[in-house]
Structures are given as C-alpha cells and as structure tokens.
Amino acid sequence: MPKLVAIAYKTVKRGPMNEVLCANVTQHSGVEKDVFGRPGKRQVTVLSLQQWQIACQSIDANLPWTTRRANLLVDGYSFGAADVGKQLRIGDLCLEVTGETDPCKKMEQAHAGLESALTPDWRGGVTCRVINDAMIHIGDPVTLD
C-alpha cells in the first residue's frame, strides 16, 4: 500500500529543507512553517519516490529527495496528468491535486541534468491545495481517488 515516507518544509525562500517526522497541515498555512504554504494551487508539493529514483538514475546521481524541495514524499505511487482534480489522502489529510510541479533552474543548479531528468512523465511531482486541516506522520497510508 502506498505510504508517506518523508515530510519537509523551508522557512525562507531558497533556505534549507527541514525534515520532520510529523507535521500539522492546514488550509491557512500548508505544511506548518513552510514559507510557500499560503492558500492557492501550489500550497503543498508532493513527490513520488519511484519517479524521483527514475530521474536520479537517468543522470547517474544518488541525490537526497530534499534536493527537489518538495514538501511530501510518497512511496508506491507515480503521478500523471490524469491525477489533476483527484483527492490525495494522507492519513486524515485530504489534498486536491491541482497540477504538475514544473522543474526549474534551481534543479539544474543543484545537479547538472536534473531539470531535464524531472521534466518527462511528471517526475517533478504534483502541486496540491489543502482541503482539510490534519496532522500527518511518516508511515501514514496514501490513497488517490
């Protein structure tokens, strides 16, 4: 069964990613303390472990998932265009998938070739809007419907 395997946030733009074991996620602030958690279509970003591994393999690099600068890492699911509008449930949390997280120049600065490695097949993850407030924990089950 798909599950949540990591949680991270950044308190300042371009700042370091802080990994935590659990986090409060709200409609008002996204992942608690994240600088980009304000309400909107890009409130929370979610990355697939499998898609991240494919991107890293394609550039022959073993990079930490936080290099992608996403908030949540899920194991057991790969995202695609058909997921837009679906509800992603992580434990008691419900997120609406709003689109693809497009890779940017920061990825190229992190590692040569990473931006283009994340471009195909939604490997860069998805953007989401928070539907309800909830506390999430590593190991929480993940469903998409």
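Structural notes, computed from the coordinates. Just so it is clear, the model here is predicted, and its values are computed rather than measured.

Digging into the pairing of strand E9 (residues 126–130)
Within E9, four of the five residues are buried, which leaves the element mostly enclosed by the surrounding structure. Here three bridges tie strand E5 (residues 44–48) to E9, and the two strands are oriented antiparallel to one another. Across the sheet, residue Val-46 finds its bridge partner in E9, namely Val-126.

Examining the side chain of Ser-48
As for its position among the elements, Ser-48 is in strand E5. For Ser-48, a relative accessible area of 0% gives the class buried. Side-chain polar atoms of Ser-48 contact the backbone oxygen of Tyr-77, separated by 2.6 Å.

Considerations on helix H1 (residues 49–58)
Residues of H1 that are buried include every one of Leu-49, Gln-51, Trp-52, Ala-55 and Cys-56, and no others. Projection of H1 onto a plane perpendicular to its axis shows the buried side chains occupying an angular sector of 165°, all on one side. Tucked inside the fold, the buried residues of H1 contact E5, strand E6 (72–75) and helix H3 (114–118). N-capping of H1 is provided by Ser-48, with a side-chain oxygen placed 3.3 Å from the backbone N of Gln-50.

Digging into the sheet that holds strand E11 (residues 142–144)
Whether parallel or antiparallel, the strands of a sheet pair through hydrogen bonds between backbone atoms. Strands sit in the order E2-E1-E6-E5-E9-E8-E7-E11 across an open sheet of eight strands; the sheet is mixed. The open sheet has two edge strands, strand E2 (18–20) and E11, and neither has a second partner. Geometrically, the sheet is characterised by an average inter-axis angle of 30° between neighbouring strands, direction not taken into account. Bridge count between strand E7 (residues 87–90) and E11: three bridges; the pairing is antiparallel. Note that in E11 the partner of Leu-88 across the bridge is Leu-144. Along the sheet face, H1 touches E5 and E6 and points at about 65° away from the line of E5.

How each quantity is defined
- Residues numbered from 1 in each chain as written.
- Predicted model: local features only at pLDDT ≥ 70, side-chain atom pairs only at ≥ 80, totals over all residues.
- Heavy atoms only, no water.
- Buried < 20%, exposed > 50% of the residue type's maximum accessible area, 1.4 Å probe, protein only.
- Helix = DSSP H or I, 4+ residues; strand = E, 2+ residues; numbered from the N terminus.
- Pairing = 2+ DSSP bridges.
- Polar contact = N/O pair within 3.5 Å; in protein donor to acceptor, adjacent residues only side chain to side chain.
- Arc of directions from axis to C-beta.
- Contact = heavy atoms within 4.5 Å.
- Axes fitted to C-alpha atoms, helices over the stretch in contact; angles between N-to-C directions.

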